[in-house]
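Examining the three-dimensional arrangement
Residue strings, one per chain:
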There are 2 protein chains.
Amino acid sequence: MNVGILGCGTIGGGVLDLIDKLPKESNVKVVKVFDLPSKKEMLGERFCDSIDEICQSPNVDVVVEAMGGDKFPYECIVKALKNKKSVVTSNKETVSLHIEEFYALAKENGVKFMCEASVGGGIPLICSLIDAIKVNKVDRIFGIINGTTNFVLTKMAVEGLSMEDALAEARRLGFAEFDATADIEGLDLTRKICILSSIAYGGYVPYSEIYHYGISKVTKEILADVKNLGYTLKFVAESRRTGDKTCKVSVEPVLVKSDNPLSAVNYEFNSVYLNCSTNDLLGFYGKGAGRYPTATAMVADVNRIKEDAGKYYYENNGNFEVENFLATESYYVYKDGKSEIVKGIESADKYDFVARIF
Amino acid sequence: MNVGILGCGTIGGGVLDLIDKLPKESNVKVVKVFDLPSKKEMLGERFCDSIDEICQSPNVDVVVEAMGGDKFPYECIVKALKNKKSVVTSNKETVSLHIEEFYALAKENGVKFMCEASVGGGIPLICSLIDAIKVNKVDRIFGIINGTTNFVLTKMAVEGLSMEDALAEARRLGFAEFDATADIEGLDLTRKICILSSIAYGGYVPYSEIYHYGISKVTKEILADVKNLGYTLKFVAESRRTGDKTCKVSVEPVLVKSDNPLSAVNYEFNSVYLNCSTNDLLGFYGKGAGRYPTATAMVADVNRIKEDAGKYYYENNGNFEVENFLATESYYVYKDGKSEIVKGIESADKYDFVARIF
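**Description of the overall build of chain A**
- The helix and strand inventory of chain A stands at 12 helices and 16 strands.
- By the compact-globule yardstick of 21 Å for 358 residues, chain A fits well, its C-alpha radius of gyration being 21 Å.
- Overall, chain A is about 65 × 45 × 35 Å in size when its C-alpha atoms are taken along their principal axes.
- Considering chain A as a whole, with its 358 residues, one finds that 59% of them fall into the buried category.
- For chain A, the proportion of contacts with a sequence separation of at least 24, taken over those separated by at least 6, is 70%.

Quick look at the structure:
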C-alpha cells in the first residue's frame, strides 16, 4: 500500500520515519512527500512540490495530511477523497470545521477518512469511541485534551511557576507553539470536543457555538486559594447529550477533588472518559502530543485502512443545538482577591476568574 | 451473521440481551443458545442441549463461549474453530492455558479467535494492545485487573471494613463469587497477565510459571501502617520484557504513592497501562467485571468479526522464560506488627506479609 505525505514537519516527518522502519512484510511504503523546496535535499526522490503528485497520483493509495491550518489542508483532503484515496489526518482545525463533508466524501468514493491523531495524540481514542458507539450509546465525554495547558497548569500548581515561566518551559520542551493563544484560550480543546461530540452523537456539534473560557487569568494566588479549598484546577472539555438534537458542551477550567481521576493527570498527559450506556465509564490516558505518539496514531490509522478495519459511517443527523453549563452548575468565582462558590452564573464577565465545580 | 451462545448465565444472558436489542440493519442475530434444561422455557425455540447444534451447525457463523472453567469450554472452542466458526470468549481460564492453540486453529481454519472480554471486562484493552503491537513494541504491562480484590481493598482502606465484611459486601453486590479464592490468591490476575503478556510478546508466557502472592494476609493494621508511610496498597499484575525470550512477571500487592494514577483506581474499577516504544505510556480505565460491561466487550468482538476487523495472528515465538521481581526490587516486609522496607528478598515465606514498592 502506497502512502503520500503532505507536510514533513514534526508529525509528518515522524510518520515517514515510522513507516520507513516497518518490516517489509507490512507492504506499506511512503512513495511521495510534499513539502517546501527547502526539504528537497533531505527527501530525495520522494520529494514533490505539487499536491497533485500525491492527491491525484494513481500510485498513491493513502494520503497522510500533516500540515495544520484549515484552507489549504481542506482543499487537499477534498481532492484526495474525490480521487478515491483514503485520508489520514491529525488536523483538528480543518476536521472540526468539515467533519461531515469529509466523512460523506469518503463514503461516496468508497474510501476511508481517519482522524485518530486529531484528538488525544497517541491515545487510541477515536477508534475506541467509534467501536463504542457501534454497540453502546455514548452520552457524555469529558477530559483533559490539551497537553500544553495541562503542562502549564501542573508546572504552576506543583512547582509554583508563573504562567509566563511555565509557558516558556513548555516551549523549550516542544509542548507549546510560540503563539500559545489557541491552547490558552481553549480553541484547541473546542476543536477536539467538537470532533468527539460529533462522532459520538452522529450529528454536527457546531464548533463556533461551543462555549469556551480560557486559563489566561489563572494566577498563583488563585491556585493557592483553590488548593486551600481542597481542589485541583484542571482545564477540561465536556460534552453531554441532553436530547435527540441537543447537548451541553463547554471548554472551561474546572475544580476537581483529589478522588477524581482527572486530578492525577499531570504535565503533558491527556485523559478522556466516555460514559457508555452498557459499558459504563471508560477512560483513556496517554501523551496528547509530541512527534512519535501522534505519528504512531497516524500509522495505526494507515494500518487500519490496509486491514480494512475501523469502518465508520457518520450518521449525519444534522446539527445539534449547543448549550453551556453556566446557568445550571456550581461555579467557583474569584474577584478582587476573594472567592466564593455560587450556583449558576449569568456570565464570567463580571469576575476576575471563574471555574466550574466538577 | 448468526451467533450461537454457549452458556446463558450472567454474561451469556447479557450478550443475548444486547444482540436482541441491536437494530435490524446490524444483521447480527442469536440463533441458538446452549444451556442446562432448566433454561429451556426461558429460551424457547433457541434453546439447545447439545453443543454440536452450535459448534457444528451450518447455520452458525460465530460461537460465543460464556461458560467459564477449562476442560469443557476448551473442547467446545476447539470444535467450533475446527468447524470454521469464529469464536468469542470471556474465559480467561481456558484462554490462559490454550491461547497458542486457539490462535493457531483460527488461522488454520480462516476464522477469528477473539478474547477481548477475558481481561478487563468492558475495557477495550486487548483490541488496543493488538492495535499497539502492529505499530509499536510493547515492553511493559501493569495494572489493576481484578475488580473483586480492588473492591475489597478499597472497602478496607477507605471505609475501614475487615476483609471478611468487605468480601461479604462484594458478594452481595455481585462482584465476588461465593468462593473468592481465585481472586484473593491472585489466580485470576495470573491468568489475565498471562494472556496480555503472551499477546504483547507474541510468545507464550506460561501461566504456571508466573509468581503470584495473594492478599489474604492483609489486615487493617497493615493498611494503617502502609497509609502512615504515605502509600496506598493495590493488588497489581505486572509484566516486563527483559530479553528476546525472557520476561519478569508477577502478581502481588504493591505500594503506590498518591501521584501514581493506580492509587486513584477504586472499588470494582480496573486500570491497565502499556509502555509502548513509540507511543509512550497508554492507560485504560473501566469496569473490569459485571454483566453488561463484559457482554458489551463480547458484542464488540462479534461486531469486529462481522466487519472483518481486529485481524491478529499470534506470532508464536515459543515459550518465554519467566522470572519474578523478588531478588531485585524493594519490598515492604511486615512481621510481628513491625514493618521495614528492604532491597530484595529471597522469598515472602518468612514474613507475615510483603508488598513490592512500586
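**Focus on the relation of the copies chain A and chain B**
- Expressed as a screw operation, the relation of chain A to chain B combines 0.0 Å of axial shift with a rotation of 180 degrees, fitting to an RMSD of 0.0 Å. With respect to symmetry, the two chain copies, as superposed, fit the operation of a two-fold axis.
- Comparing contact sets, 100% of the residues at the interface of chain A also lie at the interface in chain B, consistent with an isologous, same-surface contact.

**Re the pattern of salt bridges**
- Tallied over the entire structure, the rule returns 48 salt bridges over all chains.
- Residue A:Arg356 is joined to A:Glu238 by a salt bridge in which the shortest nitrogen-to-oxygen separation is 3.0 Å. Here A:Arg356, found in strand S16 (residues 353-357), pairs with A:Glu238, found in strand S9 (residues 232-241); they are 118 residues apart in sequence, far enough to count as distant.
- Taking relative accessible area as the criterion, A:Arg356 reaches 1% and is therefore assigned buried.
- When its relative accessible area of 0% is taken as the criterion, A:Glu238 is described as buried.
- The salt bridge involving B:Lys32 is made with B:Glu53; its shortest N-O contact spans 3.8 Å. Residue B:Lys32 is found in strand S2 (residues 29-34), and its partner B:Glu53 is found in helix H3 (residues 52-55); the two are separated by 21 residues along the sequence.
- A relative accessible area of 23% means that B:Lys32 is categorised as partly exposed.
- In this structure, a network of salt bridges that share partners links the residues A:Arg140, A:Glu238, A:Arg240, A:Glu252, A:Glu329 and A:Arg356.

So, how was this worked out
- Residues numbered from 1 in each chain as written.
- Chains lettered and ligands numbered in written order.
- Predicted model: local features only at pLDDT ≥ 70, side-chain atom pairs only at ≥ 80, totals over all residues.
- Heavy atoms only, no water.
- Helix = DSSP H or I, 4+ residues; strand = E, 2+ residues; numbered from the N terminus.
- Rg over C-alpha atoms; globule rule 2.2 N^0.38 Å.
- Buried < 20%, exposed > 50% of the residue type's maximum accessible area, 1.4 Å probe, protein only.
- Contact = heavy atoms within 4.5 Å.
- Least-squares fit on C-alpha atoms with pLDDT ≥ 70 in both.
- Salt bridge = Lys/Arg side-chain N within 4 Å of Asp/Glu carboxyl O.

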